[in-house]
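Notes for the structure review
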Amino acid sequence: MKYKSLMIGLLLAMAGQAAHAEQIGSVDTVFKMIGPDHKIVVEAFDDPDVNNVTCYISRAKTGGIKGGLGLAEDTSDAAISCQQVGPIEVSDKIKNGKTQGDVVFQKRTSLVFKKLQVVRFYDAKRNALVYLTYSDKVVDGSPKNAISAVPIMPWKG
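Report on the accompanying structure. Remember, predicted model here, so these are calculated numbers, not experimental data.

Cut-off values and rules
- Residues numbered from 1 in each chain as written.
- Predicted model: local features only at pLDDT ≥ 70, side-chain atom pairs only at ≥ 80, totals over all residues.
- Heavy atoms only, no water.
- Buried < 20%, exposed > 50% of the residue type's maximum accessible area, 1.4 Å probe, protein only.
- Helix = DSSP H or I, 4+ residues; strand = E, 2+ residues; numbered from the N terminus.
- Pairing = 2+ DSSP bridges.
- Axes fitted to C-alpha atoms, helices over the stretch in contact; angles between N-to-C directions.
- Salt bridge = Lys/Arg side-chain N within 4 Å of Asp/Glu carboxyl O.
- Core = buried A, V, L, I, M, F, W, Y, C linked by side-chain atoms within 4.5 Å.
- Contact = heavy atoms within 4.5 Å.

**What about unusual backbone geometry?**
- For Asn-52, which is not glycine, the phi torsion reads 75 degrees and is therefore positive.
- A relative accessible area of 30% places Asn-52 in the partly exposed class.
- Positive phi is not limited to glycine here, since Asn-127 has a value of about 50 degrees.
- You can see Asn-127 is positioned in the loop between strand E6 (114-123) and strand E7 (128-137).

**Thoughts on the sheet that holds strand E2 (residues 38-46)**
- Pairing in this open sheet of 4 strands is antiparallel, and the strands run E1-E2-E3-E4 from one edge to the other. The open sheet has two free edges, formed respectively by strand E1 (22-30) and strand E4 (78-84), since each of these has just one partner strand. Taken over all neighbouring pairs, the strand axes of this sheet differ in orientation by 15 degrees on average, direction set aside.
- Sheet topology places E1 next to E2; 7 bridges connect them, and they run antiparallel. Bridge pairing in E2 places Asp-28 opposite Lys-39.

**Here's the deal with the pattern of salt bridges**
- A complete count under the given rule lists 7 salt bridges for this structure.
- Close ionic contact of Arg-120 with Asp-47 constitutes a salt bridge, the shortest N to O distance being 2.8 Å. Taken together, the residues Arg-120 in strand E6 and Asp-47 in the loop between E2 and strand E3 (53-61) connect sequence positions 73 residues apart. Just as Arg-120 is buried, Asp-47 falls in that class too.
- Beyond isolated ion pairs, a larger network of salt bridges with shared partners links Glu-43, Arg-59 and Lys-107.

**Here we look at the nonpolar core**
- Counting 21 residues, the largest nonpolar core has Phe-45, Val-53, Ile-80, Val-118, Leu-129 and Tyr-131 as the members making the most contacts within it.
- Mapped by element, the contributors of at least two residues to this core are E3, E4, strand E5 (102-108), E6, E7 and strand E8 (145-151).
- Those residues in contact with Phe-45 that lie beyond four places of it in its chain are Ala-19, His-20, Ala-21, Val-53, Thr-54, Cys-55, Ile-57, Val-104, Phe-105 and Val-118.

Set out below in structure tokens:
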């Protein structure tokens, strides 16, 4: 019982650190007679640690009966595009490399073991934020990934 409570607390703590996405839209890719169709979902989230950076993710979402019940495993296919939407101020913690590879977004893509993640890196030489999205499992992840870079530019507003 203690182990189960510890795992639930740990999962909730990890989920609390990452940003939450809002769905922008979706398109159906496969018609399913019973349950929702397979689709591609487009979601947006703001970097929780860097003001005025917004990322857009497109990802596959499995439909059908299992998908409708939340039991299906989504494929590892995803794309990402991040933009500066206002003046960016990067904290010293990020500039000093102490947050390299920090998870800024997570989305569960199966009932328990698989999730889509976005991690952030800071490229000091080019003064840019780099966002990498990939999918992982407890035992075996996927090499499928996508990347987006946001050069930190002066903002005229």
